[in-house]
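Residues per chain, in single letters:
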Amino acid sequence: AVGQPLPFNIRNADQTLLLARGQVVDTFDQMEALFTRGALVDIAELRSPRDTVKDAAPQMLPKLWDQCMDRVAQTLRNGAHEGFGQALEEAAAPVQALIERDTDLAIFQVMRQDGNRHTQYGVTHSMHAAITAYLVAQRLGWDEASVQKVFKAALTMNLSMLELQGQLAQQSTPVTAEQRAQIHSHPQRSVQMLQLSGVTDSEWLEAVAHHHVAADGSGYPADVSEPSDLAALVRRADIYTAKLSPRSGRSAMAADRAGRAMFMIDPGNSMTAALVKEFGVYPPGCFVKLVSGETAVVIKRGPSVITPLVAALTTPSGTVLVDPLPRDTSQREHGIVD
């Protein structure tokens, strides 16, 4: 399209690069000249990220997750700027496609901690919360527009304090007065950053502004009594995924304990119930001990919340297996004991 950044590279017949992805064809005369000389585009570059995810072999999905999460992280780290909304849409689309392709693998991304270095806590936590909010919103039967908004709100809720979150995650001393002031002001500062970058969606902005407000009006900012459903879900995804992440001063909370803790905070709440049902007692990505003595990692939710499918990583004596062995924990000999 004339006047729009190219979504692909344009090459000559001998594959010499004429125009790189992102450059602009300014006039119809320039476009006609390209047609006249027989300019070419690699057909692979015409495929959308969703097409790539949809057609990928199952064994390629983990690599795609790493690539797509890296892109979202880079977009968040670059901060809000003109065009941020579009950049976020483009980075988020393949992540959402991956969630749709394999929900269990999506939950695995939330649970895994090997790439969650303390210095990267801000961006990884935002991504984990966004995946969680997306899945729970779908379980609650929200319409597609609301599912998209809660995903983006969770991704950007901490946009103004990503660096501070990394510092706090590895800080062993108490929070300072200056840091506490930044924490309390970050929802509004994140909203301001989004507004300056051109985001105008009032529901998205409100969810970011109020994601630390509880149903009883406690939290911050203090002048809000009834947070929106989007804000309420972002808050719960934020709390739950924070419990699953290690900090310098504490270890990650086990998934079953995190689920119980959420119920204690929010007894009878439909959002919390949906969150715990979506993840189960032993969600994909968490480690378990089996009756046999084997240590295993959960790879797929099973017929009930306490009987997932797992892969044994060790023998009963503790020897590491070169090739993990599938185990069905609904069978008594492979039941989970811890």
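As the structure is a prediction and not an experimental result, all values here were calculated from the model.

Each helix and strand in the chain was counted, giving 13 helices and 6 strands. If one aligns the C-alpha atoms of the chain with their principal axes, the spans along those axes are about 70 × 55 × 40 Å. Burial analysis of the chain (338 residues in total) assigns 46% to the buried set. The long-range fraction of contacts in the chain, counting pairs at least 24 apart against all pairs at least 6 apart in sequence, stands at 56%. Put simply, the chain has 30 plus and 37 minus side-chain charges, and the middle of one group is 7 Å from the middle of the other.

Here we take up the sheet that holds strand β3 (residues 287–289). In space, the 4 strands of this open sheet follow the order β3-β4-β5-β6, with antiparallel pairing throughout. Among the strands making up the open sheet, the edge pair consists of β3 and β6 (320–328). Shown here is a sheet whose adjacent strand axes are inclined to one another by a mean of 35°, direction ignored. Bridge count between strand β4 (residues 295–300) and strand β5 (residues 309–314): 4 bridges; the pairing is antiparallel. From the neighbouring strand, V298 faces β5, where its bridge partner is V310.

Looking now at the packing of aromatic side chains. A complete count under the given rule lists 2 aromatic pairs for this structure. Each ring, one from Y134 and one from F151, has its centre 5.6 Å from the other, and the planes form 80°; the classification is edge-to-face. Of this pair, Y134 sits in helix α6 (residues 121–139) while F151 sits in helix α7 (residues 144–156), and the two are 17 residues apart along the sequence. Pair check on accessibility: Y134 and F151 agree, each one buried. An angle of 75° between the planes, with centres 5.1 Å apart, marks the rings of Y240 and F279 as edge-to-face. Note that Y240 is positioned in helix α11 (residues 229–243) and F279 in helix α13 (residues 270–279), a separation of 39 residues in sequence.

On to the layout of surface pockets. Within this model, the largest pocket holds a volume of roughly 610 Å³. If you trace the largest pocket, you find 20 residues lining it, with R21, R47, S48, P49 and R71 closest to the centre. Every element with two or more residues in the lining of the largest pocket is listed here: α2 (49–55), α3 (61–77) and α4 (84–101). Split by residue class, the lining of the largest pocket holds 10 nonpolar, 4 polar and 6 charged. Contributions of two or more residues to the lining of the second largest pocket are made by α6, α8 (162–169), α9 (177–196) and α11. Residues of the lining of the second largest pocket, tallied by class, amount to 9 nonpolar, 9 polar and 5 charged.

Together, V41, I43 and L46 line one region of the surface with nonpolar side chains, adding up to about 290 Å² of accessible area. Of note, I43 is situated in the loop between α1 (28–36) and α2. With relative accessibility at 65%, the residue I43 sits in the exposed group.

Let us now look at the pattern of salt bridges. Evaluation of the coordinates by the stated rule reveals 12 salt bridges. Note that D66 is salt-bridged to R112, the shortest N-O span being 3.1 Å. In this pair, D66 is assigned in helix α3 and R112 in the loop between α5 (103–111) and α6, connecting sequence segments 46 residues apart. The class of D66 is partly exposed, set by a relative accessible area of 35%. Across the pair D104 and R301 runs a salt bridge whose closest N-O atoms are separated by 2.8 Å.

On to empty space enclosed by the protein. Per the counting criterion, the structure on display carries 1 cavity of 30 Å³ or more. Space inside the largest cavity adds up to approximately 40 Å³. Lining the largest cavity are M69, V72, V95, M127, A130, I131, F151 and L155. Secondary structure elements with two or more residues in the lining of the largest cavity: α3, α6 and α7. Looking at the lining of the largest cavity element by element, the count peaks at 3 residues for α6. A per-class count over the lining of the largest cavity returns 8 nonpolar, no polar and no charged.

Attention now moves to the side chain of T314. Note on placement: T314 falls in strand β5. Classification of T314 as buried rests on a relative accessible area of 11%. Among the polar contacts made by the side chain of T314, one reaches the main-chain amide nitrogen of T295 at a distance of 3.0 Å. When neighbours within four sequence positions are excluded, T314 is seen to be in contact with E294, T295, T319, V320 and L321.

At a closest axis distance of 8 Å, the pairing of α9 and helix α10 (residues 202–209) adopts a crossing angle of 155°. The orientation of α9 relative to α10 falls into the category roughly antiparallel. Contacts between α9 and α10 involve P187, Q188, S190, V191, L194 and Q195 from the former and W204, L205, V208 and A209 from the latter. Its residues placed into classes, the contact of α9 with α10 shows 7 nonpolar, 3 polar and no charged.

The rules behind the values
- Residues numbered from 1 in each chain as written.
- Predicted model: local features only at pLDDT ≥ 70, side-chain atom pairs only at ≥ 80, totals over all residues.
- Heavy atoms only, no water.
- Helix = DSSP H or I, 4+ residues; strand = E, 2+ residues; numbered from the N terminus.
- Buried < 20%, exposed > 50% of the residue type's maximum accessible area, 1.4 Å probe, protein only.
- Contact = heavy atoms within 4.5 Å.
- Lys, Arg positive; Asp, Glu negative; His and termini not counted.
- Charge placed at Lys NZ, Arg CZ, Asp CG, Glu CD.
- Pairing = 2+ DSSP bridges.
- Axes fitted to C-alpha atoms, helices over the stretch in contact; angles between N-to-C directions.
- Phe/Tyr/Trp six-rings, centres within 6.5 Å; stacked < 30°, edge-to-face > 60°.
- 1 Å grid on protein atoms, 1.4 Å probe; cavity = no way out; pocket = protein on both sides within 12 Å on 5 of 7 lines; lining within 4 Å.
- Points joined across faces, edges and corners; volume = space filled by probe spheres on them.
- Nonpolar A, V, L, I, M, F, W, Y, C, P; charged D, E, K, R; others polar.
- Patch = residues over 30% accessible without salt bridge, like charges linked within 9 Å, V, L, I, M, F, W, Y side chains within 5 Å.
- Areas by Shrake-Rupley, 256 points an atom, 1.4 Å probe, with all protein chains shown as cover.
- Salt bridge = Lys/Arg side-chain N within 4 Å of Asp/Glu carboxyl O.
- Polar contact = N/O pair within 3.5 Å; in protein donor to acceptor, adjacent residues only side chain to side chain.
- Parallel < 35°, antiparallel > 145°, perpendicular 65-115°, else oblique.

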